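An overview of the molecular structure
Chain by chain, the residues run as shown.
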Amino acid sequence: MSLEKAAFAVRENAYAPYSNFKVGAAITSEGGKIFAGCNVENIAYPEGTCAEAGAIAAMVASGETKLTEVFVVADSKQPVSPCGGCRQKLAEFGGEDTVVTLANLDGVRVSMTMAELLPGAFGVDHMDTDHQDRD
């Protein structure tokens, strides 16, 4: 199954009784496997789970920690972008050149790199606390 087909298929399983806004996400791991996730709402907002987070959790649960491609689909006028938290999650496991494709049900597709989706992403380099020039 292709990355796109996996995202479309898992979107149908989304649990969205409050918003009726179903989202599907699929990622390809460095090992070439496809992992999919859908949004899961909860009456106690914000306790739900985003589709991207579900796909990442499935990848990590399988033992992989690097993603190479992302596909996200929702029923919206324009392709829906991952929320800020999911952008950071995707950046954690992908590289700056990781391709992220956003889609809607009408066939509109927008592709960009992770660096374009989240410029200036917080990363491991920010955690370097060994500074020589502190005053």
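1. Things to note about helix α2 (residues 51-61)
- Considered for burial, the residues of α2 that qualify are Ala-51, Glu-52, Ala-53, Gly-54, Ala-55, Ile-56 and Met-59.
- Against the buried residues of α2 lie β1 (23-29), β2 (34-38), β3 (67-74) and α3 (84-93).
- Of the residues flanking the end of α2, it is Gly-63, one or two places downstream, whose phi is positive at about 105°.

2. Quick notes on the environment of Thr-113
- Considering the arrangement of structural elements, one finds Thr-113 in strand β5 (residues 109-113).
- What makes Thr-113 partly exposed here is its relative accessible area of 24%.
- Measuring from C-alpha to C-alpha, the distance between Thr-113 and Asn-42 comes to 31 Å, with 71 residues separating the pair along the chain.
- Apart from residues lying up to four places away in sequence, Thr-113 is in contact with Glu-96, Asp-97 and Thr-98.

3. Things to note about the nonpolar core
- Of all hydrophobic cores here, the largest spans 20 residues; its most connected members are Ile-27, Leu-67, Val-70 and Val-100.
- Those elements giving two or more residues to this core turn out to be β1, α2, β3, α3, β4 (99-104) and α4 (114-117).
- What Ile-27 contacts, discounting residues up to four positions off in sequence, is Leu-3, Lys-33, Ile-34, Phe-35, Ala-55, Ile-56, Met-59, Leu-67, Glu-69 and Val-70.
- Within the second largest apolar cluster, 7 residues are counted, among which are Ala-6, Phe-71, Val-73 and Ala-103.

4. Considering the environment of Glu-69
- Here Glu-69 is to be found in strand β3.
- Judged by its relative accessible area of 34%, Glu-69 is partly exposed.
- Taking the C-alpha atoms as reference points, Glu-69 and Ile-27, 42 residues apart in sequence, are found 5.5 Å from one another.
- Residue contacts for Glu-69: discarding those within four places in its chain leaves Leu-3, Ala-26, Ile-27, Thr-28, Thr-98 and Val-99.

5. Quick look at the pattern of salt bridges
- In total, this model carries 2 salt bridges according to the counting rule given.
- Here Glu-4 makes a salt bridge to Arg-109, at a shortest N to O gap of 2.6 Å. Residue Glu-4 is found in helix α1 (residues 3-11), and its partner Arg-109 is found in strand β5; the two are separated by 105 residues along the sequence.
- Arg-109 gets classed as partly exposed once you look at its relative accessible area, which sits at 33%.
- Glu-12 is paired through a salt bridge with Arg-11; the nearest N and O atoms lie 3.2 Å apart.
- Arg-11 sits in the buried class, given a relative accessible area of 7%.

6. Here's the deal with the sheet that holds β1
- Strand order in this open sheet of 5 strands is β2-β1-β3-β4-β5, and the pairing throughout is mixed. In this open sheet, the two edge strands, each paired with only one partner strand, are β2 and β5. Pairwise comparison of adjacent strand axes, ignoring direction, gives a mean angle of 15° for this sheet.
- Pairing geometry for β1 and β3, over 7 bridges, is antiparallel. Within β3, the residue paired with Thr-28 across the bridge is Glu-69.

Basis of the calculations
Residues numbered from 1 in each chain as written. Predicted model: local features only at pLDDT ≥ 70, side-chain atom pairs only at ≥ 80, totals over all residues. Heavy atoms only, no water. Buried < 20%, exposed > 50% of the residue type's maximum accessible area, 1.4 Å probe, protein only. Helix = DSSP H or I, 4+ residues; strand = E, 2+ residues; numbered from the N terminus. Contact = heavy atoms within 4.5 Å. Core = buried A, V, L, I, M, F, W, Y, C linked by side-chain atoms within 4.5 Å. Salt bridge = Lys/Arg side-chain N within 4 Å of Asp/Glu carboxyl O. Pairing = 2+ DSSP bridges. Axes fitted to C-alpha atoms, helices over the stretch in contact; angles between N-to-C directions.

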